[in-house]
Amino acid sequence: MTTQAPLHHSEQSVRPRRDARALPPPAVDLGADKVVRERETAPLEAGETAPIPCSLALLDHRTRSHAIRRRLAPFGHYLAFADNGADWLVPLDRKVVHIGRGLTSDLRIEEQRVSRSHAILVRHGHHTRLLDNRSANGTYVNGRQIIAANIADGDVIRIGAVVMTYVQVV
């Protein structure tokens, strides 16, 4: 029995590159007359997520317990969530409010398309700024995807698929 020394890297056979469009995909022989042809798969496309307008039920129990009716709201800054035609306001008591699905979020939304730390709402003086915190499904203000945006009374915010409205009661 003779053994050959392995080829030197300069002597190894080099397969020519094939153009994927020119040649059919290679076949894989599974034995017993079974041959499987490899096929390219269709690319996955991220579908548009439908907004959830009645989203009060998606808030966790702690956040939902702080919600009040619009007519009972004292002066302040709020996020309004719809529930069967009625608006419920969640107060933004802090200067910095973390919004997300995670347990450490100040405003916790229990919906799988919301990232654990999805967005940050920052109030500074008379201005309020909404920042996307590198979320997977994006943060939108009035239908436009944002990274950071100043928001005003009446702006519609969408976090993942959850819709809410920024409200200032004066």
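Let me begin by describing the structure that accompanies this report.

Here is what the cut-offs are and how they apply
Residues numbered from 1 in each chain as written. Predicted model: local features only at pLDDT ≥ 70, side-chain atom pairs only at ≥ 80, totals over all residues. Heavy atoms only, no water. Helix = DSSP H or I, 4+ residues; strand = E, 2+ residues; numbered from the N terminus. Buried < 20%, exposed > 50% of the residue type's maximum accessible area, 1.4 Å probe, protein only. Contact = heavy atoms within 4.5 Å. Areas by Shrake-Rupley, 256 points an atom, 1.4 Å probe, with all protein chains shown as cover. Pairing = 2+ DSSP bridges. Salt bridge = Lys/Arg side-chain N within 4 Å of Asp/Glu carboxyl O. 1 Å grid on protein atoms, 1.4 Å probe; cavity = no way out; pocket = protein on both sides within 12 Å on 5 of 7 lines; lining within 4 Å. Points joined across faces, edges and corners; volume = space filled by probe spheres on them. Nonpolar A, V, L, I, M, F, W, Y, C, P; charged D, E, K, R; others polar.

1. Section: the overall build of the chain
Item 1. Counting its regular elements, the chain contains one helix and 14 strands.
Item 2. Every one of the 170 residues in the chain was classed for burial, and the buried ones make up 33%.
Item 3. Here the contacts in the chain between residues at least 6 apart in sequence split such that 39% fall between residues at least 24 apart.
Item 4. By element, 53% of the accessible surface of the chain is carried by carbon and sulfur atoms, the whole surface being about 12,300 Å².

2. A look at the sheet that holds strand β10 (residues 139-141)
Item 1. Read from one edge to the other, the open sheet built from seven strands follows the order β3-β5-β4-β14-β13-β10-β11, with strand pairing classed as antiparallel. Both edges of this open sheet fall to β3 (68-69) and β11 (144-146), since each of them pairs with a single strand only.
Item 2. In this structure, β10 lies alongside strand β13 (residues 156-159), joined through three bridges in antiparallel fashion. Looking at β13, one finds that Y140 is bridged to R158.

3. Some details on the environment of R134
Item 1. Relative to the elements of secondary structure, R134 occurs in the loop between β9 (127-132) and β10.
Item 2. R134 sits 16 residues away from H118 along the chain, and the two C-alpha atoms are 6.9 Å apart.

4. A closer look at the pairing of β13
Item 1. When β13 meets strand β14 (residues 162-169), the two strands line up antiparallel, connected through four bridges. Considered in β14, the bridge of R158 is made with V163.
Item 2. Where β13 folds back on β14, the antiparallel hairpin that results is connected by two residues, among which G160 adopts a positive phi of roughly 65 degrees.

5. Things to note about the sheet that holds strand β7 (residues 107-108)
Hydrogen bonds along the backbone pair up the strands of a sheet, which may run parallel or antiparallel.
Item 1. Spatial ordering of the open sheet is given by β7-β6-β8-β9-β12, a layout of five strands whose pairing is mixed. If you trace the sheet from one side to the other, it starts and ends with β7 and β12 (148-151), each paired once.

6. Notes on unusual backbone geometry
Item 1. We note that R134 has phi near 55 degrees; this positive angle belongs to a residue other than glycine.
Item 2. Here N142, not a glycine, exhibits a phi torsion of approximately 50 degrees, which is positive.
Item 3. Tracing the backbone shows N142 in the loop between β10 and β11.

7. Some remarks on the pattern of salt bridges
Pairing between side chains of opposite charge can happen when their charged atoms approach one another.
Item 1. Taken as a whole and assessed by the stated rule, the structure comprises six salt bridges.
Item 2. Measuring nitrogen to oxygen at the nearest pair gives 3.8 Å for the salt bridge that ties R62 to D60.
Item 3. Relative accessible area serves as the criterion here: at 3%, D60 is assigned to the buried category.
Item 4. One network of salt bridges, with partners in common, ties together D60, R62, R108 and E110.

8. A look at the pairing of strand β4 (residues 76-83)
Item 1. Taken together, the five bridges between β4 and β14 define a ladder with antiparallel strand orientation. Looking at β14, one finds that G76 is bridged to V169.
Item 2. Pairing geometry for β4 and strand β5 (residues 86-91), over six bridges, is antiparallel. Paired with L79 across the two strands is V90, which belongs to β5.
Item 3. Between β4 and β5, which pair antiparallel in sequence order, lie two residues; one of them, N84, sits at a positive phi of approximately 50 degrees.

9. Re the layout of surface pockets
Item 1. Of the volumes computed, that of the largest pocket is approximately 270 Å³.
Item 2. Taken together, R62, T63, H66, V90, P91, L92, D93, R94, V97, S105, D106 and L107 make up the lining of the largest pocket.
Item 3. Elements with a contribution of two residues or more to the lining of the largest pocket: α1 (61-65) and β5.
Item 4. Classifying every residue of the lining of the largest pocket gives five nonpolar, three polar and four charged.

10. What about the side chain of T63?
Item 1. Checked against the element boundaries, T63 lands in helix α1.
Item 2. If we ignore the near neighbours within four places in the chain, the residues touching T63 are V90, D106, L107 and R108.

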